[in-house]
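Okay, here's what each chain looks like letter by letter:
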Amino acid sequence: MAMATGPSPEIFWFLPTSGDTRYLGQSDFGREPTNAYLREIAVTAERLGYDGLLIPTGASCQDPWVTASSLIPLTSRIKLLVALRTSIMGPTACARQAATLDQALGGRLLLNVVPGGDATELAADGVFLNHDERYDAADEFLTVWRRILETGEPFSFSGRHLKVESARNYFPPVQRPYPPLYFGGSSPAAHALAAKHVDAYLTWGEPLPAVAEKIADVRARAARHGRTVRFGVRLHVIARETEAAAWAAADRLISHLTDADIAAAQANYAKMDSEGQARMAALHGGRRDRLVVAPNLWAGVGLVRGGAGTALVGAPEQIAERLREYQGLGVDTFVLSGYPHLEESIRFAELVFPLLGKGAVTRQGAQTGGAFDVRAVRQVSAS
């Protein structure tokens, strides 16, 4: 297996805090998001050499901050990307939480800025701002949050959505001036927020021209603020030893879906005011015959899953090549996932990491798990 050239990207995995499965749709193979199962995935991901873990957010998810805290004594290297919900959290209390968690993690905290989501879900949390208002509020939130962590000095602010007087953080985080901010959004308002405030912009997996357009826009907007921004892509992966086996696995993943399941999910997502969600839906239009949207890029997950809905499908060399193509656009981070998340984290690391120059290298030779493997290795070496 040849090693790919170029710098190794950062590879993050995903904690399925709303549950896990082998099949999308109705299945007898569902897994509850118990803390024990999530910890098993986290420990495995760290052992395999993943750089970070995305801990998602939403009403159907376990709380990301509590989940991250539960991993403190079990991990020592892997970074945790935790949701910072600007619509439902307060900037001053959240700054103290972030500083404390970063201290407890020894400087391994990353924050995923989430201003929006599903308006119905936000209303259940008492938030009734429209799309652009949520981004205006996020701008004010991050202005306060960043300032009190940057300086540690009292800071007063009065805006349309927030007002604080002599806000201050007394115990700084390990990472200065604050844990890095990640963020994803496809609307002009989202790009404006990214350019002004965040350290890394994430896009869901779209064809290369669409991703290049997003990167160029965010990069130009950031330059007008005298800033630079890093870039990442959020994708699912279905890696198998052969391309045929990978596509067969993709077909199995959606084999339990009915047309009614797909229609209901797409009708629900159509009610959302997320431009990113609209872009995911437009890739396939709810049709099973439009799922391959670019070389090795498959939109089948998005038939019924909200948020990231595309997967790279193929043999290890193909997936590594597709990742390198995104790298060529300026991407340095990939946030990946696969169903079920425990087994697929292992499969992806074993098949693709060597091509990216990542992870532990397994010793060569005969390996059966038996007591006499060392003799087999010696015999092969001597022959």
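In the block above lies the structure referred to throughout.
None of the values given here were measured: they were computed from a predicted structure.

A. Layout of the pairing of strand β7 (residues 181–184). Pairing of strand β4 (residues 109–114) with β7, which is carried by 3 bridges, proceeds in the parallel orientation. Note on β7: the bridge partner recorded for N112 is Y182. In terms of strand pairing, β7 meets strand β8 (residues 200–204) through 3 bridges, oriented parallel. When the sheet's bridge partners are listed, F183 is paired in β8 with Y201. Regarding the hand of the β-α-β motif, the stretch spanning β7, helix α6 (residues 188–197) and β8 is right-handed.

B. Spotlight on helix α5 (residues 131–151). Spanning 21 residues, α5 covers 31 Å between terminal C-alpha atoms, matching the ideal 30 Å at 1.5 Å per step. One side-chain oxygen at the N-terminal end of α5 lies 3.3 Å from the backbone nitrogen of D132; it belongs to N130. Two residues or fewer past α5, G152 is found with a positive phi of approximately 70°.

C. Quick peek at the pattern of salt bridges. Going through the model one piece at a time under the given rule, you end up with 19 salt bridges. Here K79 makes a salt bridge to E10, at a shortest N to O gap of 3.4 Å. Separated by 69 residues along the polypeptide, K79 in strand β3 (residues 79–85) and E10 in strand β1 (residues 10–14) bring together distant segments of the chain. For E10, a relative accessible area of 19% translates into the label buried. In this structure, E133 and R160 form a salt bridge, with 3.3 Å as the shortest nitrogen-oxygen distance. Of this pair, E133 sits in helix α5 while R160 sits in the loop between β5 (155–158) and β6 (163–167), and the two are 27 residues apart along the sequence. For R160, a relative accessible area of 59% puts it in the exposed group. What emerges from the salt-bridge pattern is a single network uniting E10, K79, R230 and D332.

D. Region of the structure containing unusual backbone geometry. Going from R176 to P177, the amide bond is cis rather than trans, its omega being 5°. Looking at the element boundaries, P177 is found in the loop between β6 and β7. Put simply, Y339 and P340 share a cis peptide bond, and its omega is -15°. Assignment of secondary structure puts P340 in the loop between β13 (331–337) and α12 (341–356). Although it is not a glycine, S166 sits at a positive phi angle of roughly 55°.

Conventions and cut-offs
Residues numbered from 1 in each chain as written. Predicted model: local features only at pLDDT ≥ 70, side-chain atom pairs only at ≥ 80, totals over all residues. Heavy atoms only, no water. Pairing = 2+ DSSP bridges. Helix = DSSP H or I, 4+ residues; strand = E, 2+ residues; numbered from the N terminus. Right-handed = clockwise from strand over helix to strand, strands pointing away. Expected span 1.5 Å × (residues − 1). Polar contact = N/O pair within 3.5 Å; in protein donor to acceptor, adjacent residues only side chain to side chain. Salt bridge = Lys/Arg side-chain N within 4 Å of Asp/Glu carboxyl O. Buried < 20%, exposed > 50% of the residue type's maximum accessible area, 1.4 Å probe, protein only.

These figures come from the coordinates and say nothing about function on their own.
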